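Each chain, letter by letter, is given below.
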Amino acid sequence: MAQWEIVIGLETHTQLTTASKIFSGSSTAFGAAPNTQASVVDLAMPGALPVMNIGAVERAVKFGLAIGAKINQRSIFARKNYFYPDLPKGYQISQFETPIVQGGGLTITLDDGTTKFIELTRAHLEEDAGKSVHEQFDSESGVDLNRAGTPLLEIVTEPVMRSGKEAIAYAKTLHNLVRYLDICDGNMQEGSFRCDVNVSVRPMGQKEFGTRREIKNLNSFKFMQQAIDYEVRWQIEQIEDGKKIVQATVLFNPDTGETRAMRSKEDAMDYRYFPDPDLPPLVVSDEMLARIKAGMPELPEAKCSRFSSQYGLSHYDALLLSQDGATASYFETAVNSGADAKLVANWILGEVSATLNREDKTIEQSPVNAVRLSNLVARISDGTISHKIAKTVFEALWSGEAASVDAVIESKGLKQISDSGAIEKIVDEVLEKSAAQIADYKAGKEKALMSIVGMVMKASQGKANPAQVNDIVRRKLA
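Some words on the overall build of the chain
Part 1 of the argument: Looking only at helices and strands, one finds 15 helices and 17 strands in the chain.
Part 2 of the argument: Relative to the 2.2 N^0.38 estimate, which gives 23 Å for 478 residues, the radius of gyration of the chain is 29 Å and therefore markedly larger than a compact globule would have.
Part 3 of the argument: Over its C-alpha atoms, taken along the principal directions, the chain stretches across nearly 95 × 55 × 50 Å.
Part 4 of the argument: Classification of the 478 residues of the chain by burial places 47% in the buried group.

Spelled out as structure tokens, the structure:
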């Protein structure tokens, strides 16, 4: 592997969050019965003409502004000709020579904390094709045209990624951004965010790119990583065995963990692109561009910086909290409800995230909303409960045992003991039975102190204020 360089570029189809299709008024809602959301435009009936959906244009411009790209205020729609059963017109309306978004890029952060800027080539508007259905029929295939005409923004990178990890980091960053901007719901299972990965390899130091193969329609980050890893190994083995790589479109089989060739890869000339005569040039006016700019949300990078400066968070914590819009909103709602920002951050990135992951839920689905978490953190800060007891309260809130933090504390008798006299009494009782630990402590073994503190906490059923216990034990042993 050290002798080979991996070259990866991504093409991502993001389904835009418009209520209707890109050139017709048909609904884009997911899950309808087959062929119930296809109009005469989607079915390519003679004489039916496409009409541009302005909402799709606005979302494309919003994305372009977010990545620092050039917005082409005059762009062209073309016909991309190919024949497939789920493409009623025999061509797809897309953008070719002049896309609405050109250039720009995204900064990704890798697992080791290093960053890399991924340049984008373009992002262009197009319509989705229908769907061929094979599994419901023994010897036939069905065609569902509900998806035909659904608005897509195809986002294309330069071939600048050099590992599967970089590709996954980019895909996740892009996934976060389009959801953050509310231009795509990012639902990979429903096909709202689909990645095609172009993979090639070349000997280290060679300038010319190797022959690429395109892995189509990857709809999970896990499968993307597996597909890239397999494809890289396969290409290297082929070349080392003296065979040539043939440019092709391939599919990944998650059951076998292997890729297989579907067809030879077409080049642009194979599609016979030409301007669509039914659609005039798409013009984004100065007024429209200014309006979209004025309505742009605070972007993740700026939010990360603000979280660090305003709330005193580490860059790492601020980065984790700011990349997802829902998480950032949850955090700020909790802080604005009166809780300590650093404690809130610790809880969101710790207990809350762990529980959400365990139950496969999003933060919007959390049974413990931001205000309740704020109340919980406030009770830690004011000494009502310890951090350990707070976990018990959190579990009770999560399971729906009570509606409020105070109700759980009251019903379970979890209020922290902060009365120094009461704590001293417990400490004295523990010290009477801890001659060995006392001797060890006086012999210089610091761990003996923690052993005694632990016994005091156990004797108080975890209710004694840990800081006070520590102070009282140290004073008495001195």
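Right, picking up where we left off after that structure.
Section: the nonpolar core
Across soluble globular proteins, you tend to see nonpolar side chains buried next to one another.
Part 1 of the argument: Formed by 65 residues in total, the largest nonpolar core has its most connected members in Ile8, Leu10, Phe63, Ile100, Leu125, Tyr170 and Met224.
Part 2 of the argument: Top element by residues in this core is helix 2 (residues 164-180). It accounts for eight residues.
Part 3 of the argument: With near-sequence residues (within four places) excluded, Ile100 lies in contact with Val57, Ala60, Val61, Lys70, Ile71, Asn72, Ser75, Gln95, Ala123, Leu125, Leu282 and Val284.
Part 4 of the argument: Counting residues in each nonpolar core, the second largest holds 40 residues, with Val335, Ile348, Val393 and Trp398 among its members.

Regarding the pattern of salt bridges
Two side chains carrying opposite charge are able to pair once their charged atoms lie near each other.
Part 1 of the argument: All chains considered together, the criterion is met by 20 salt bridges.
Part 2 of the argument: Among the ionic pairs, Glu5 bridges to Arg202, the shortest N-O distance being 2.8 Å. With Glu5 in strand 1 (residues 4-15) and Arg202 in strand 12 (residues 193-203), this pair connects stretches of sequence that are 197 residues apart.
Part 3 of the argument: By relative accessible area, which is 7% here, Arg202 ends up buried.
Part 4 of the argument: Among the ionic pairs, Lys21 bridges to Asp42, the shortest N-O distance being 3.4 Å. Placement of the pair is Lys21 in the loop between strand 1 and helix 1 (54-66) and Asp42 in the loop between strand 1 and helix 1, with a sequence separation of 21 residues. The pair Lys21 / Asp42 is uniform in exposure class, with both members buried.
Part 5 of the argument: Three or more residues joined by partner-sharing salt bridges are found here, namely Glu298, Lys303, Arg306 and Glu332.

As for the sheet that holds strand 5 (residues 91-94)
Part 1 of the argument: If you trace the three strands from one edge of the open sheet to the other, you get 5-4-16, paired in antiparallel fashion. Each edge of the open sheet is held by one strand with a lone partner, namely strand 5 and strand 16 (274-275).
Part 2 of the argument: Judged from the two bridges that link them, strand 4 (residues 78-81) and strand 16 form a sheet pairing that is antiparallel. Residue Ala78 lies in a different strand from strand 16, and its bridge partner there is Pro275.

Observations regarding the packing of aromatic side chains
Part 1 of the argument: The final tally for this structure, using the stated rule, is 10 aromatic pairs.
Part 2 of the argument: Here Phe96 and Tyr273 contribute two aromatic rings whose centre-to-centre distance is 3.9 Å and whose plane-to-plane angle is 5 degrees, an arrangement assigned as stacked. In this pair, Phe96 sits in the loop between strand 5 and strand 6 (101-102) while Tyr273 sits in the loop between strand 15 (258-264) and strand 16, placing the two residues 177 residues apart along the sequence.
Part 3 of the argument: Judged by centre distance (5.7 Å) and plane angle (65 degrees), the ring pair of Phe307 and Tyr311 falls under edge-to-face. Remark: Tyr311 and Phe307 occur in helix 5 (residues 300-311); sequence separation between them is four residues, near one turn of the helix. Across the pair, Tyr311 and Phe307 agree in class, each one buried.
Part 4 of the argument: Here the guanidinium or amino end of Lys80 rests over the ring plane of Tyr271, the centre of that ring lying 4.5 Å away.

Cut-offs applied
- Residues numbered from 1 in each chain as written.
- Predicted model: local features only at pLDDT ≥ 70, side-chain atom pairs only at ≥ 80, totals over all residues.
- Heavy atoms only, no water.
- Helix = DSSP H or I, 4+ residues; strand = E, 2+ residues; numbered from the N terminus.
- Rg over C-alpha atoms; globule rule 2.2 N^0.38 Å.
- Buried < 20%, exposed > 50% of the residue type's maximum accessible area, 1.4 Å probe, protein only.
- Core = buried A, V, L, I, M, F, W, Y, C linked by side-chain atoms within 4.5 Å.
- Contact = heavy atoms within 4.5 Å.
- Salt bridge = Lys/Arg side-chain N within 4 Å of Asp/Glu carboxyl O.
- Pairing = 2+ DSSP bridges.
- Phe/Tyr/Trp six-rings, centres within 6.5 Å; stacked < 30°, edge-to-face > 60°.
- Lys NZ or Arg CZ within 6 Å of the ring centre and 35° of its normal.

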